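Summary of structural features
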Amino acid sequence: MKNFRRNGILLLVLCLMSTTMCWGQKHPKENPRGIYRMASLVEKNGREVVSPFDQYKICTDSITLNLNIMGTKFSISKEESILNYTGEKPDKKQAHAIRIYDSNAEHFTLKWWSSFSNHLYFPENGWCTEFYVANSYSEKGKALFKALTQPAPAANPKHPLYGNWHRIISVADDLDKVKEKWETLSKQENADEKYSGTNIIIISENYFIYSGGEILNAESDGKDFLILQGNTPSDSYKLPVIWLPNDYAVVARPYNNHTVYELWKRITDDVPPISHIVASFVNK
């Protein structure tokens, strides 16, 4: 965990969680820093419309990430460049370069050159203007960013399933193989530190979140089972939980005509999941 602190990623997360603390003054020419949601855009016919996308920009000094929520899925991608203030005027050397203006801790405007053809909203060979605001989330966006920007909660003896987990392996129809892996890991020191931003699972009373891009409504007793709800009632299924010593659990998931056993290890560090996600992109 020392590497996270040296790289200043934890500090970035604190800024993301409380942008007003990191930016005491409001200036329209500041670099956007924090989490912003697209509020509206100017579509190809010149009209400003409410954003048809549940889209967010995670803006830091070292990287800018784009996060889109689409039903039960979400995706995170790295912007080609860090979003810093440029002003509204075109770049003299790169006429089609992205422009950021009217920006501070509360909002910013992004203008980019679109070459899409026959897109519903974006023009073909023209400028697209998007307006972003801070402290604005959809219902799922609020749940997702709350889970990603907070450290793992302490284990609750009455509801031990709630919390953050590292998904280690998935094996079809072979519980013994999963237990063998658990026995090996149990003998290793610091085995819980060996995980990245793409294999974290967060369980709460209402949501199942997989950092690789899944957010599902969920029900659970917090101990023995987890019910995941998809887009339709037929997509819902119940997962039994098998507990192993030393904060390990096995979750059985149905897949076609098989049972996939997943080995989970409780995460107990103080690093928010977004730190691991940012680090995975920074280190690429």
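Refer to the structure printed above.
A brief look at the structure comes next.

Reading the values: the criteria
- Residues numbered from 1 in each chain as written.
- Predicted model: local features only at pLDDT ≥ 70, side-chain atom pairs only at ≥ 80, totals over all residues.
- Heavy atoms only, no water.
- Buried < 20%, exposed > 50% of the residue type's maximum accessible area, 1.4 Å probe, protein only.
- Helix = DSSP H or I, 4+ residues; strand = E, 2+ residues; numbered from the N terminus.
- Pairing = 2+ DSSP bridges.
- Phe/Tyr/Trp six-rings, centres within 6.5 Å; stacked < 30°, edge-to-face > 60°.
- Lys NZ or Arg CZ within 6 Å of the ring centre and 35° of its normal.

Counting buried positions along strand E4 (residues 64–70) gives 6 out of 7 residues, so the element sits mostly inside the fold. The sheet contact formed by strand E3 (residues 54–59) and E4 spans 6 bridges and is antiparallel. Across the sheet, isoleucine 58 pairs through a bridge with leucine 65, a residue of E4. Hairpin connection from E3 to E4: 4 residues lie between these consecutive antiparallel strands. Where E4 and strand E5 (residues 73–78) come together, 6 bridges link them in antiparallel fashion. Pairing of leucine 67 across the sheet is with isoleucine 76, part of E5. Linkage of E4 to E5, two consecutive antiparallel strands, is achieved through a turn of 2 residues, within which glycine 71 is found at a positive phi near 65°.

Although it is not a glycine, asparagine 135 adopts a positive phi angle of roughly 55°. If you trace the backbone, asparagine 135 turns up in the loop between strand E8 (124–134) and helix H4 (139–149). The exposure class of asparagine 135 is exposed, given its relative accessible area of 62%. Backbone geometry places aspartate 247, a non-glycine residue, at a positive phi of 65°. If you trace the backbone, aspartate 247 turns up in the loop between strand E14 (237–244) and strand E15 (248–255).

Right, let's get into the environment of lysine 146. By the element assignment, lysine 146 lies in helix H4. In this structure lysine 146 comes out as exposed when scored by relative accessible area, which is 53%.

A full pass over the atoms with the stated rule returns 13 aromatic pairs. Ring geometry for tryptophan 165 versus tryptophan 264: centroids 6.0 Å apart, planes at 45°, classification tilted. Taken as a pair, tryptophan 165 in strand E9 (residues 163–172) and tryptophan 264 in strand E16 (residues 258–266) lie far apart in primary sequence, 99 residues in all. Members of the aromatic cluster, connected to one another through ring pairs, are Phe53, Trp112, Phe116, Tyr121 and Phe122. Over the aromatic face of tryptophan 127 sits the side chain of arginine 99, whose NZ or CZ is 4.1 Å from the ring centroid. Here arginine 167 stacks its cationic end above the ring of tyrosine 210, 4.4 Å away from the centre of that ring.

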